[in-house]
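Notes for the structure review
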Amino acid sequence: MRVRLGLVCLWLVPACGDDGERSETAWELPGSSTGFDAPGTTALDPDTGGMGTGTGDTGDDEGLDESSSGGESFDCTPAWTSTFVGSPCAADSDCSYDGGFCLLEDDGFPCGTCSQSCEDLCPDLEGAPTTFCVDGDSLMVDSGGHCLSQCDPPLLGGNGCRDGYVCSPMSRYMQPKVTAGVCVPEPFGGEGATACQQMLLDLGAVFVPVDHEPESPDGHPDLLCEIEDPVLLYSPIGDVSIRYIASAEEAPVFMGCNAAVSVVGSAAVAGSLGATELLHIGTYNCRTISGTSTLSQHGYANAIDIGGFTLEDGTEITVFDDWEDGNPSPQTEYGQWLREFTDQVWAMGLWNIILTPEYNAAHDDHFHIDLTPGGNTYD
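Let me begin by describing the structure that accompanies this report. Because the structure is predicted, anything quoted here is derived from the model rather than measured.

With that settled, consider the overall build of the protein chain. A count of helices and strands for the protein chain gives 6 helices and 21 strands. Counting all 379 residues of the protein chain, 52% fall into the buried class. Counting only contacts in the protein chain whose residues sit at least 6 apart along the sequence, the fraction spanning at least 24 positions is 60%. Accessible surface, the protein chain as shown: approximately 17300 Å² in total, 47% of it carbon and sulfur.

Moving on: the environment of Tyr-359. Take Tyr-359: it is sitting in the loop between β19 (353-355) and β20 (367-370). Residue class for Tyr-359 comes out partly exposed when judged on its relative accessible area of 41%. The sequence separation of Tyr-359 and Tyr-378 amounts to 19 residues, and the corresponding C-alpha distance is 8.8 Å.

Glancing now at empty space enclosed by the protein. On inspection of all chains with the given rule, the structure shows 2 cavities of 30 Å³ or more. Each pocket or cavity is described by its volume, and for the largest cavity that value is around 70 Å³. When the residues that make up the lining of the largest cavity are grouped by side-chain class, the tally is 6 nonpolar, 3 polar and 1 charged.

Here we come to a negative patch on the surface. A cluster of like negative charges, contributed by Asp-239, Glu-312, Asp-313 and Glu-333, occupies part of the molecular surface. Structurally, the position occupied by Glu-312 is in the loop between β17 (303-311) and β18 (316-318).

Bringing helix α6 (residues 333-348) into the picture now. Given a rise of 1.5 Å per residue, 16 residues ought to cover 22 Å, and the 23 Å separating the end C-alpha atoms of α6 matches this to within 8%. Most of α6 sits inside the fold, with 12 of its 16 residues counted as buried. The complete set of buried residues in α6 reads Gly-335, Trp-337, Leu-338, Arg-339, Phe-341, Thr-342, Asp-343, Gln-344, Val-345, Trp-346, Ala-347 and Met-348. A positive backbone phi angle near 70° is found at Gly-349, which sits one or two residues after α6.

Another aspect to go through is the packing of aromatic side chains. Applying the stated rule across the entire model yields 8 aromatic pairs. Taking 6.4 Å as the distance between ring centres and 15° as the angle between the ring planes, the aromatic pair formed by Phe-341 and Phe-367 counts as stacked. With Phe-341 in helix α6 and Phe-367 in strand β20, this residue pair connects regions lying 26 residues apart in the sequence. Residue Phe-341 is classed as buried on the basis of its relative accessible area of 2%. Phe-367 sits in the buried class, given a relative accessible area of 1%.

Looking now at the state of the cysteines. A full pass over the atoms with the stated rule returns 9 disulfides. Cys-95 shares a disulfide with Cys-114; S-S distance 2.1 Å. Around the S-S axis, the bridge from Cys-95 to Cys-114 shows a dihedral of about -90° and counts as left-handed. Note that Cys-95 is positioned in the loop between β4 (72-75) and β5 (101-103) and Cys-114 in strand β6 (residues 113-115), a separation of 19 residues in sequence. The exposure class of Cys-114 is buried, given its relative accessible area of 0%. What pairs with Cys-196 in a disulfide is Cys-257, and their sulfur atoms sit 2.1 Å apart.

Right, let's get into the layout of surface pockets. Considering only enclosed or pocket space, the second largest pocket measures out at about 450 Å³ in volume. The wall of the second largest pocket is formed by 18 residues, among which Ile-289, Leu-355, Tyr-359, His-363 and His-368 lie closest to the centre. Looking at the lining of the second largest pocket, the elements that each hand over two or more residues are β19 and β20. By residue class, the composition of the lining of the second largest pocket is 5 nonpolar, 10 polar and 3 charged.

This paragraph deals with unusual backbone geometry. Leave glycine aside and you will find that most residues have negative phi; peptide bonds, for their part, are mostly trans. For the bond from Ser-235 to Pro-236, the omega torsion is -5°, close enough to zero to count as cis. Of note, Pro-236 is situated in the loop between β13 (230-233) and β14 (241-244). Not every positive phi belongs to a glycine, and Cys-111 is a case in point at roughly 65°. Structurally, the position occupied by Cys-111 is in the loop between β5 and β6. With a phi close to 60°, Ala-301 is a non-glycine residue in the positive phi region. With respect to the helices and strands, the residue Ala-301 is situated in the loop between β16 (275-282) and β17. On the basis of relative accessibility, which here comes to 0%, the residue Ala-301 falls in the buried class.

About the thresholds
- Residues numbered from 1 in each chain as written.
- Predicted model: local features only at pLDDT ≥ 70, side-chain atom pairs only at ≥ 80, totals over all residues.
- Heavy atoms only, no water.
- Helix = DSSP H or I, 4+ residues; strand = E, 2+ residues; numbered from the N terminus.
- Buried < 20%, exposed > 50% of the residue type's maximum accessible area, 1.4 Å probe, protein only.
- Contact = heavy atoms within 4.5 Å.
- Areas by Shrake-Rupley, 256 points an atom, 1.4 Å probe, with all protein chains shown as cover.
- 1 Å grid on protein atoms, 1.4 Å probe; cavity = no way out; pocket = protein on both sides within 12 Å on 5 of 7 lines; lining within 4 Å.
- Points joined across faces, edges and corners; volume = space filled by probe spheres on them.
- Nonpolar A, V, L, I, M, F, W, Y, C, P; charged D, E, K, R; others polar.
- Patch = residues over 30% accessible without salt bridge, like charges linked within 9 Å, V, L, I, M, F, W, Y side chains within 5 Å.
- Salt bridge = Lys/Arg side-chain N within 4 Å of Asp/Glu carboxyl O.
- Lys, Arg positive; Asp, Glu negative; His and termini not counted.
- Charge placed at Lys NZ, Arg CZ, Asp CG, Glu CD.
- Expected span 1.5 Å × (residues − 1).
- Phe/Tyr/Trp six-rings, centres within 6.5 Å; stacked < 30°, edge-to-face > 60°.
- Disulfide = S-S within 2.5 Å.

Here it is, written out as structure tokens:
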């Protein structure tokens, strides 16, 4: 079966048998020379090869103000009501708020962008994207701190930036260890994306790079929850939304980038089986594995606990209610659905560990799936 995910296709191959074996072929991106880090049996469709742009797309360009830079035309329509940091501008006078000035199109900023000087934090305005203070030297403008807008997918669509801008991890002025996803002109954005973030972009996923301050779990000051390449992953993924099972509304999930890639693949599997929602009960949690002093993969944001799914007809199926404990060949429709999901996700090599209710009673209400290095368990 075949599933379209954004501009990229996944070829999904069902698991063969019940022995949990996977082939040694990794699923790959179109044109890539190396695949995902876990073994699997499927590959991304090599004949589509699209790439997400990371810019807001308003769809209908008719009648919109435009400007051009380097032969390209950009949509200059204001993306929010009040003029503020990140708004388009042609002169300093267009940035009419206190301290505002314009970073000009001639300096490489499509349609111009309003900014202001900063030394640490920047002000925010309701209805406009959150702001961030970056070093002007990194943008080839005047030295010192400059306020720019952070990426805001719910407001602007795509990866949360105006036309001509990309969402790129940037360091705070004078605080290089503090980073955020910031909207910068496309020529300044490519170098900031990690290889994993580029994979998410190629998959058409909507995400924002974020910062995370390492912390220790309660009672274990010697352990440290450090997250490699943390991101916020937004819904929907293709046609599948991600929702916390106890909430009525979608919210982005906080994960390490590699785990986010695996969630994108898992959502594609769910969508191929007729799901419109993937319901989770947790991702990041700085804690140890129960009864041990070993840090859980949740503490690295490398895991997600899946509690259920919503199907196209509105039916909500849950691991607790519909998984058939002790039955390797489920008899009910929803029991078969859940088993097919875990079989396919395992066969694709998206995760190193999949623990179902068969593992122990603590997993009766969810599938625990994670990226334990060297892990190879499906139980």
